[in-house]
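An overview of the molecular structure
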Amino acid sequence: MTRLDADSYCAHLRRESIRFREVLALTPPAARVPSCPDWDADDLLWHLTEVQWFWGEVVAGRPAGPPEQHPERPGSREALMVLFDEVSERLCSLLSSAGPGERAWSWADEQTVGFTQRRQAHEAMIHRLDAELCAIGAGGEVTPLPADLAADGVAELVEVMYGGEPPAWGEFTPDGHVTALELTDTGHRLVVRTGRFVGTDPDSGTALDVAHLVRAEDDLPADATVSGTAAHVDAWLWNRRDDSDIEVSGSPEAYRAFRGAVGEPLT
């Protein structure tokens, strides 16, 4: 199991948010974010500000649904920094004082505060990495992702962001390929089956026919194996780094099926 306890997620969220803010404070507002090429530094700052504001509202109003109104983007870098400080501190405080098992809305199957504690720690870590990549041109540097959170980030990616148990309104059909992700520094091995999910969302009417992952038993024999440190694999799956330091062995067909299921960029 990669899952961390609530205190660890909250501590990571606070540290990553502080580092994110420190890096962007020294980065020119118009500097481009190479990992999110449509954004400049202030767009990145606004994105995490809005995300942390949103989930602060969700946790404060639990178990009610998401807020209907959203804040307006401030017109200056100074005002944006002030707003980020306010909403980030509020989110960190709310999550630190709430129990992970308490009911709270989310867009996923897991409707708990614990989902938000986990998701927001990962959100802050990946956008901290975005900020550091943005700041390289201004003399900044990329610092390591914490191994424990990165290992859980790999699990969250395959369990929630790119896959997970399909909803009842669709059907997952395995393609016969099994891929293992081996994290060389933490010792974790995560195994996934690839296939396609087909269905029509009853709420939106959207028809889907997409590559999909479903977590399997971790001791299952694999057709392909992807290995690397937790930090490298997590950042690679988030499309924040290339595949240097990632090793692949086994079936090329299974690996292609896996890449097809995780190739869509996430922000």
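Report follows, based on the coordinates. Because the structure is predicted, anything quoted here is derived from the model rather than measured.

This part covers the packing of helix α1 (residues 6-25) against helix α3 (residues 77-97). What describes two packed helices is the angle between their axes and the distance between those same axes. Put simply, α1 and α3 touch, their axes get as near as 10 Å, and they point 175° apart. One element, α1, and the other, α3, form an angle in the roughly antiparallel class. On the side of α1, the interface is formed by Cys10, Leu13, Arg14, Ser17, Phe20, Arg21, Leu24 and Ala25, while α3 contributes Arg77, Met81, Phe84, Asp85, Ser88, Glu89, Leu91, Cys92, Ser93, Leu95 and Ser96. For the contact of α1 with α3, the per-class residue count stands at 10 nonpolar, 4 polar and 5 charged.

Our focus in this paragraph is helix α2 (residues 41-60). Look at α2: 29 Å from first C-alpha to last across 20 residues, which is about the 28 Å you get at 1.5 Å a residue. The element α2 is largely enclosed, with a buried count of 17 among its 20 residues. Its side-chain oxygen at 3.1 Å from the backbone nitrogen of aspartate 42, aspartate 40 defines the N-terminal cap of α2.

Working definition: two side chains of opposite charge can pair if their charged atoms are close together. Here the structure, examined in full by the defined rule, presents 22 salt bridges. With a shortest N-O distance of 2.9 Å, aspartate 152 and arginine 118 are connected by a salt bridge. In this pair, aspartate 152 is assigned in helix α5 (residues 147-161) and arginine 118 in helix α4 (residues 113-135), connecting sequence segments 34 residues apart. Arginine 118 matches aspartate 152 in its accessibility class, with the two residues each being buried. Here arginine 256 and glutamate 253 are joined by a salt bridge, their closest N and O atoms 3.8 Å apart. Taken together, the residues span about one helical turn, with arginine 256 and glutamate 253 both in helix α7 (residues 252-262) at a distance of 3 residues. A single salt-bridge network, built from bridges that share partners, covers Arg118, Asp152, Glu159, Arg215 and Asp218.

A word on the sheet that holds strand β2 (residues 189-200). Pairing between the strands of a sheet is mediated by backbone hydrogen bonds and can be parallel or antiparallel. In space, the 5 strands of this open sheet follow the order β3-β2-β1-β4-β5, with mixed pairing throughout. The open sheet has two edge strands, β3 (207-215) and β5 (247-250), and neither has a second partner. Ignoring strand direction, the axes of neighbouring strands in this sheet form an average angle of 25°. As paired elements, strand β1 (residues 170-183) and β2 share 10 bridges and run antiparallel to each other. Paired with leucine 181 across the bridge in β2 is leucine 190. On the sheet, helix α6 (residues 230-237) packs against β1 and β4 (224-228) and is oriented at approximately 115° with respect to β4.

Within this structure, the stated rule accounts for 7 aromatic pairs. Ring centres of phenylalanine 54 and tryptophan 105 lie 6.0 Å apart, and the angle between their planes is 70°; this geometry places the pair in the edge-to-face category. Taken together, the positions of phenylalanine 54 in helix α2 and tryptophan 105 in the loop between α3 and α4 put the pair 51 residues apart, joining distant regions of the chain. Here phenylalanine 54 falls in the buried class, since its relative accessible area comes to 14%.

Between arginine 62 and proline 63 the backbone carries a cis peptide bond, its omega angle lying at 5°. Of note, proline 63 is situated in the loop between α2 and α3. The phi dihedral of asparagine 239 falls on the positive side, at around 60°, and the residue is not glycine. Looking at the element boundaries, asparagine 239 is found in the loop between α6 and β5. In this structure, aspartate 245 takes a positive phi of about 75° despite not being glycine. Looking at where aspartate 245 falls in the secondary structure, it is placed in the loop between α6 and β5.

In sequence, β1 turns back onto β2 through a hairpin of 5 residues, with glycine 187 there showing a positive phi of about 85°. One ladder, built from 9 bridges, connects β2 with β3; its direction is antiparallel. Within β3, the residue paired with glycine 195 across the bridge is histidine 212. Between β2 and β3, which pair antiparallel one after the other, the connecting turn spans 6 residues, and glycine 205 there sits at a positive phi close to 80°.

With that settled, the discussion passes to a nonpolar patch on the surface. Judged by side-chain polarity, Trp169, Leu208 and Val210 come together as a nonpolar surface patch covering roughly 210 Å² of accessible area. Mapped onto the secondary structure, leucine 208 falls in strand β3. Residue leucine 208 is classed as partly exposed on the basis of its relative accessible area of 31%.

Phe20, Leu24, Leu181, Leu213, Trp236, Leu237 and Phe258 are the most contacted members of the largest nonpolar core, which totals 75 residues. Not counting residues up to four positions away in its chain, the partners in contact with leucine 237 are Val154, Leu157, Tyr162, Leu181, Phe258, Arg259 and Val262.

Reading the values: rules and limits
- Residues numbered from 1 in each chain as written.
- Predicted model: local features only at pLDDT ≥ 70, side-chain atom pairs only at ≥ 80, totals over all residues.
- Heavy atoms only, no water.
- Axes fitted to C-alpha atoms, helices over the stretch in contact; angles between N-to-C directions.
- Helix = DSSP H or I, 4+ residues; strand = E, 2+ residues; numbered from the N terminus.
- Parallel < 35°, antiparallel > 145°, perpendicular 65-115°, else oblique.
- Contact = heavy atoms within 4.5 Å.
- Nonpolar A, V, L, I, M, F, W, Y, C, P; charged D, E, K, R; others polar.
- Expected span 1.5 Å × (residues − 1).
- Buried < 20%, exposed > 50% of the residue type's maximum accessible area, 1.4 Å probe, protein only.
- Polar contact = N/O pair within 3.5 Å; in protein donor to acceptor, adjacent residues only side chain to side chain.
- Salt bridge = Lys/Arg side-chain N within 4 Å of Asp/Glu carboxyl O.
- Pairing = 2+ DSSP bridges.
- Phe/Tyr/Trp six-rings, centres within 6.5 Å; stacked < 30°, edge-to-face > 60°.
- Patch = residues over 30% accessible without salt bridge, like charges linked within 9 Å, V, L, I, M, F, W, Y side chains within 5 Å.
- Areas by Shrake-Rupley, 256 points an atom, 1.4 Å probe, with all protein chains shown as cover.
- Core = buried A, V, L, I, M, F, W, Y, C linked by side-chain atoms within 4.5 Å.

By themselves these figures say nothing about function.
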